[in-house]
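# Chain and residue survey
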Amino acid sequence: MPDLLTLAPGVEVVRPDDGTWLRYSEDEVALVRDFFSLLVFGQNEWAGQPFVLSAWEEEAIRQFYGVQAQDEDGTWSRYRRYLYEEIPKKNGKSEFAAGLGLYHLIADGEARPQVGIFAADKTNADIIYQCAKYMVEHTALSQPAHRPLAWCRDSVREIRTRFGGVMKVYSGDVDNKHGPSFSAILCDELHAWSGRAGRDRWNVLTTGSDAARRQQTVLVLTTAGNDPDRTSIGWEIHEKCRR
C-alpha cells in the first residue's frame, strides 16, 4: 500500500518520494468557488440562473485546487496537474468544464493564459464553447460594454480577454498543437479519442507542454464510454486513475 499523507479531512495524497512539502489551502479552493459564484448556467432550462456547484463539482475543486506544493523558492503552487472525472450524462459536465476554462482564462494567475478546448470532433468541443460564451455574455465578464473583460469571437470559436488571454476550440488534427503554450487543456469525452489519432493527440498535448507554465492544468471530463478492445488512450487513462 502507498504511504498516504492526509492534508485535510477526506484529502489524501501519496507521500512524495523526493520530500516535497505539501499543504491543503482552503483559500485556493475558495478562489475557484467564488469565481463560479460570478457565473450562470449556460444551457437548457437553467440557462441564466446562478451557477450552483453540485456535490461532485465541489469535491473535484477541493481535491484538485486545494493541494499545493512548496517550490524551491519557497512559494506554493498547485501540486496536481491532472483533474480526471468520469461523470454520467446529464450531470452538468459541459457547463463545469466551461466554468473551469473561464477560471483558468481569467483568474488563475497565469500570464497571458492559453486555454485549449479539445474533443474527438469540433461539434463536441463547441458545446463547451457555447456554454462559456453564454456565461461571458450574461454576466459581468462582458462589462463594461466599451472595454469588456472578456469577449467572444464566433468566427474562430475563441474567447479573449483584455489582458491577452485566449480560450479557443481546436481541431482534432495533431499538427497544429505544437505551437501554443497551454496554461490549461480541456479534454472532453476522452473515451471517444479512438485509435492512433486519439493517442497522438493526447501525447502531443501532455508531453512536455508544461515547460513554460508554472502550473499547467489538464482537465479531463468524460463519460465512461465503451472500449471492448481496451486499447484506446481513454481506457489507458481510465485504468491509470482507477489504480
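Residues numbered from 1 in each chain as written. Predicted model: local features only at pLDDT ≥ 70, side-chain atom pairs only at ≥ 80, totals over all residues. Heavy atoms only, no water.

## A look at the side chain of Q216
Within the secondary structure, Q216 sits in the loop between α5 (195-206) and β12 (217-222). Judged by relative accessible area, Q216 falls into the buried class, the value being 4%. Within polar-contact distance, the side chain of Q216 engages the side chain of R81 at 2.6 Å. A distance of 2.9 Å separates a polar atom in the side chain of Q216 from the backbone oxygen of F182. Ignoring anything within four residues of it in the chain, the contact list for Q216 reads R81, E110, F182, S183, I185, S209 and D210. (Helix = DSSP H or I, 4+ residues; strand = E, 2+ residues; numbered from the N terminus. Buried < 20%, exposed > 50% of the residue type's maximum accessible area, 1.4 Å probe, protein only. Polar contact = N/O pair within 3.5 Å; in protein donor to acceptor, adjacent residues only side chain to side chain. Contact = heavy atoms within 4.5 Å.)

## Topic: the nonpolar core
Among the nonpolar cores identified, the biggest contains 50 residues, and F36, L102 and I159 are the most heavily contacted of them. The contact partners of L102, leaving out residues within four places of it in the chain, are F35, L39, A107, A132, M135, V136, L141, I159 and M167. Counting 14 residues, the second-largest nonpolar core is a separate cluster that includes Y170, F182, L205 and V218. (Core = buried A, V, L, I, M, F, W, Y, C linked by side-chain atoms within 4.5 Å.)

## So, the packing of helix α1 (residues 26-36) against helix α2 (residues 55-65)
How two helices pack is summed up by the angle between their axes together with the distance between the axes. Remark: α1 packs on α2, axes separated minimally by 8 Å, with the N-to-C direction vectors making an angle of 140 degrees. Both α1 and α2 take part in a crossing whose hand is right-handed. Residues E28, V29, V32, R33 and F36 of α1 form the contact with α2, whose participating residues are E58, I61, R62 and Y65. (Axes fitted to C-alpha atoms, helices over the stretch in contact; angles between N-to-C directions. Left-handed = near helix turned anticlockwise from the far one by under 90°.)

## Brief notes about α5
Between its terminal C-alpha atoms α5 stretches 17 Å, which fits the 16 Å expected from 12 residues at 1.5 Å a residue. Of all the positions in α5, only G198, R201, W202, V204, L205 and T206 are classed as buried. G208 sits one or two positions beyond α5 and adopts a positive phi of about 75 degrees. (Expected span 1.5 Å × (residues − 1).)

## A few points about the pattern of salt bridges
In the structure shown here, the tally under the stated rule is 15 salt bridges. A salt bridge links E236 to R199, with the shortest nitrogen-to-oxygen separation between them at 2.7 Å. In this pair, E236 sits in helix α6 (residues 233-242) while R199 sits in helix α5, placing the two residues 37 residues apart along the sequence. Taking relative accessible area as the criterion, E236 reaches 39% and is therefore assigned partly exposed. One network of salt bridges, in which partners are shared, links R153, E158, R160 and K168. (Salt bridge = Lys/Arg side-chain N within 4 Å of Asp/Glu carboxyl O.)

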